[in-house]
Amino acid sequence: MVADDKMCLFNIVASRTPVTSRTLVSAVLIAAVLSGLATRTCRAAKIPLPIMMINPGGSWIGIDRAMELARDDVNRQDGILDDYELQLVANYSNPMKPQLPNTGNAEYVLYSHIYDGPGKPMPFLLGSFYSEECEVLCQTTGQFDIIQIGNGAVSPSLSDRTQCKTYYRTVQSASQQNVPRLRLIQMYGWDKVAILRYSNVLFSSVMDSLRSMLNENNITIVANEMFEDSPASYVGYLKEKDARIIIGLFWDTEGRKVFCEAYKQGLYGPRYVWILRGVGYFSPGWVTLEDPLVSCTAEEMIKATEGVIITNWQFIPAAQEVSITGRTPSDFVEAYNAFAGSVSFGGAGSLFYDSVLTAALAMNNSIAPLRLVNKTLEDYTYNDHEMRDIFMNVLDNIYFVGVSGPLSFLEDGDRVGQFQIEQIKDGKAKVVGRFLSREDKFEWDDGGVYFLNGEPPHDEIRIEERLITLSSTGFATVCTLSALGIVLAFALLNFNVVMRKQKIIKLSSPTINNLIILGSIMTYISVVLNGVDEEMVGFENMDHLCRARLWMLSLGFTLGFGSMFSKTWRVHKIFMNKKLERRSVKDYQLVTMVGIFLLLESVYLGVWEVRPLQAVWESYPSQGKSEGDLLLIPVVQRCTRIGVSDLTWLAGIYIFNGIQLVFGLFLAYETRNVKIEALNDSKNIGMSVYNVFILSCMGAVFSLLMDPLRNETVFIVTSVCITVSTTTTLLIIFTPKIRDVIRNPGGTKITTMASASVAPERSCHGPPVATVMTVSGPASGPQQHPSTSGGQMLVAHR
């Protein structure tokens with residue numbers, strides 16, 4: 001009742017009643033009562049506050065029911081728009097086919113709202129559900145300074161403030177799902193992923209955002225494929241690229257095609273992880289849904305999708321927080337299902353409900369700022385930049401609890417919310433956790449994500465270089481043989497030293513024999529060193545070991561074989577005397593010869609130390625073997641000189657030792673028929689030269705031609721060649737001496753042997769003949785032959 005009405009009522013009462021003091025008082029009292037009733041009536045009447053909404057309509061009218069439920073709750077709630085009555089002005093973009101967007105009709109409906117609305121401008125637009133429609137509508141609402149609040153559109157392009165200046169949404173952008181995807185990838189240590197997407201602008205936008213995010217975090221995209229009809233060839237390409245962690249961007253229908261192909265091509269199981277965008281929120285049984293376009297059985301689809309991870313939108317939070325309208329999430333679902341009936345969208349209705357709450361709170365919280373500029377909500381007009389800025393400032397800073405959970409917005413209008421992490425088991429998705437966007441962390445239920453083999457798979461075949469080492473049995477066997485050879489050598493050395501005064505030992509030059517034994521010991525030690533690897537001594541010591549191997553074997557061979565060579569050379573020099581001259585070769589001359597050999601070898605090796613031997617790993621990728629997700633690349637450790645081919649520096653050693661072998665072989669052959677008691681081991685020395693030559697050549701050729709990956713075979717064969725040739729040499733040289741000492745334990749001791757001289761004789765019909773005159777006992781002046789100086793004299797005769 002307005003003031004004029006009250007005055008009229010007062011006048012009527014006054015005109016029909018005589019004016020007395022009593023009647024006057026009564027009239028005043030009646031007027032006062034009526035005035036109080038009128039005041040309460042005026043306070044109860046609220047100002048209509050319409051806002052527009054555009055929904056698909058038709059069979060999807062359940063969206064409207066959720067928003068209507070929110071409208072009623074707001075109008076009943078104290079503290080929210082107390083002086084206003086929130087009204088929803090609905091219109092529909094495609095009521096005949098609500099499952100499809102209709103951008104043209106949606107834009108037409110918006111202009112109808114603007115120009116043919118309820119008679120007053122409406123500051124907010126709720127909707128539309130589809131991204132395609134919102135991408136058109138947001139540009140128009142921006143031009144008219146209308147605040148648009150989406151509730152189903154998830155396209156990342158709607159976050160572009162240059163295109164959608166006034167757009168907000170209660171559902172998270174599809175690109176925001178990239179954050180929990182990235183966190184999952186990082187959590188499990190994957191750094192190689194593949195992307196398979198359906199040909200749609202929404203998925204392309206999500207992919208662009210995802211690609212940038214992955215690149216920023218140094219995660220390699222091994223394949224990025226888009227399909228439109230059949231995904232068969234693209235799934236095959238992922239398998240060809242050995243993709244293990246695959247991000248899928250497609251809807252339910254395309255998902256069935258993809259996983260049927262994944263089953264056919266074996267792109268499933270414990271070695272693979274599929275991470276999908278939110279699918280199945282409107283059809284939870286999408287995996288086994290009958291589909292004429294899919295040839296796989298339900299059992300095959302269940303098998304192919306087992307363990308698939310889904311980063312999905314969370315419609316109903318696990319925490320039952322009370323919203324600003326007094327409803328908990330579970331209360332809302334119950335009330336909404338009862339209110340909407342068969343057209344209910346279930347938990348997804350929370351997004352539509354909260355879009356109404358967002359608009360209501362934005363207007364409610366703008367009342368005070370508007371009062372500062374002398375405006376009210378009723379003063380809104382299209383193209384009012386000032387009121388638009390106030391509304392947007394409020395939305396940028398708003399935070400409240402809705403039935404879909406805590407709700408606030410980023411600068412681009414995207415909602416800061418939660419995602420739920422689902423995993424498919426037996427064909428059905430089960431919530432295993434949540435990702436809290438505001439806190440940037442996961443909350444897991446019942447252990448969180450599980451993997452088919454109990455642990456996260458690798459994102460690629462891991463390549464591991466594995467050093468090929470000797471078996472403990474092979475190394476121990478060779479070491480045992482070498483140790484026995486060293487024991488034998490020391491025993492013979494002891495024998496040679498102890499028996500050096502005996503005739504049979506003295507005549508064979510014990511000093512040279514000692515050098516042969518020392519050379520043999522060095523070669524035995526080199527065999528052991530060849531079998532030592534970095535697992536025994538550490539990689540830091542391998543360079544020193546390389547040099548020790550080379551020097552030990554080279555000098556040992558030169559010392560041993562050079563000594564035998566010198567003895568053969570002495571026989572050859574004395575015997576192959578065509579002029580029948582008496583010749584004398586003393587032991588120090590032989591030692592000098594051996595010393596020259598050692599010096600030449602040492603100088604050569606020393607010169608090469610400017611580029612010392614280093615231990616390097618040589619890998620053979622072509623010989624790799626797979627063990628599950630592990631590709632083992634065999635690696636052989638060898639010694640080399642950096643920057644110099646092995647053949648370059650080995651050539652000098654082979655040539656030098658080869659000359660010794662060949663020349664020694666020649667001398668042995670030349671003296672094969674010599675039978676001189678004074679030089680009693682010349683025949684044995686010749687046999688030793690043959691032995692060393694043959695086995696050395698065998699070992700060298702085998703080590704050069706043999707596959708280096710069969711290093712144990714190479715090691716055993718070369719070790720056997722060295723050990724056998726060395727041991728055989730020792731036995732050939734010393735066995736006759738030991739036998740003679742055993743037969744004649746007393747032996748004739750010789751105190752001196754300064755030289756040996758021979759005057760060879762060549763017969764007419766046979767080999768040369770030499771007779772030996774031996775002078776034993778202490779040298780005495782009158783009895784000493786002038787040419788012997790107390791020792792032996794070889795006299796040639798015819």
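Anything mentioned here points back to the structure above.
Residues numbered from 1 in each chain as written. Predicted model: local features only at pLDDT ≥ 70, side-chain atom pairs only at ≥ 80, totals over all residues. Heavy atoms only, no water.

As a further point, take the sheet that holds strand S4 (residues 147-150). With parallel pairing, the five strands of this open sheet are ordered in space as S2-S1-S3-S4-S5. Of all the strands in the sheet, the pair left with one neighbour each is strand S2 (84-92) and strand S5 (167-169). Neighbour to neighbour, the strand axes of the sheet diverge by 25 degrees on average, direction disregarded. Summarising the sheet, strand S3 (residues 124-127) and S4 pair through three bridges and their orientation is parallel. In the sheet register, phenylalanine 124 faces S4, and the bridge partner there is isoleucine 147. Set on the sheet, helix H3 (residues 62-76) makes contact with strand S1 (47-55), S2 and S3; between it and S2 the angle comes to about 170 degrees. Helix H4 (residues 103-116) contacts S1, S2 and S3 of the sheet and is inclined by roughly 170 degrees relative to S1. (Pairing = 2+ DSSP bridges. Helix = DSSP H or I, 4+ residues; strand = E, 2+ residues; numbered from the N terminus. Axes fitted to C-alpha atoms, helices over the stretch in contact; angles between N-to-C directions. Contact = heavy atoms within 4.5 Å.)

Looking along the chain, the bond that leaves glycine 127 and enters serine 128 is cis, with omega of 0 degrees. When you line up the elements, serine 128 lands in the loop between S3 and helix H5 (131-143). Residue aspartate 145 is not a glycine yet carries a positive backbone phi of 60 degrees. With respect to the element layout, aspartate 145 can be found in the loop between H5 and S4. Residue aspartate 145 is classed as buried on the basis of its relative accessible area of 0%. (Buried < 20%, exposed > 50% of the residue type's maximum accessible area, 1.4 Å probe, protein only.)

Moving on to a nonpolar patch on the surface. On the surface, a cluster of nonpolar side chains totalling about 430 Å² of accessible area is made up of Tyr654, Val701, Leu704 and Leu705. If you tally residues by element for the nonpolar patch, the top one is helix H22 (residues 682-705), at three residues. Inspection of the secondary structure puts leucine 704 in helix H22. Leucine 704 gets classed as exposed once you look at its relative accessible area, which sits at 55%. (Patch = residues over 30% accessible without salt bridge, like charges linked within 9 Å, V, L, I, M, F, W, Y side chains within 5 Å. Areas by Shrake-Rupley, 256 points an atom, 1.4 Å probe, with all protein chains shown as cover. Salt bridge = Lys/Arg side-chain N within 4 Å of Asp/Glu carboxyl O.)

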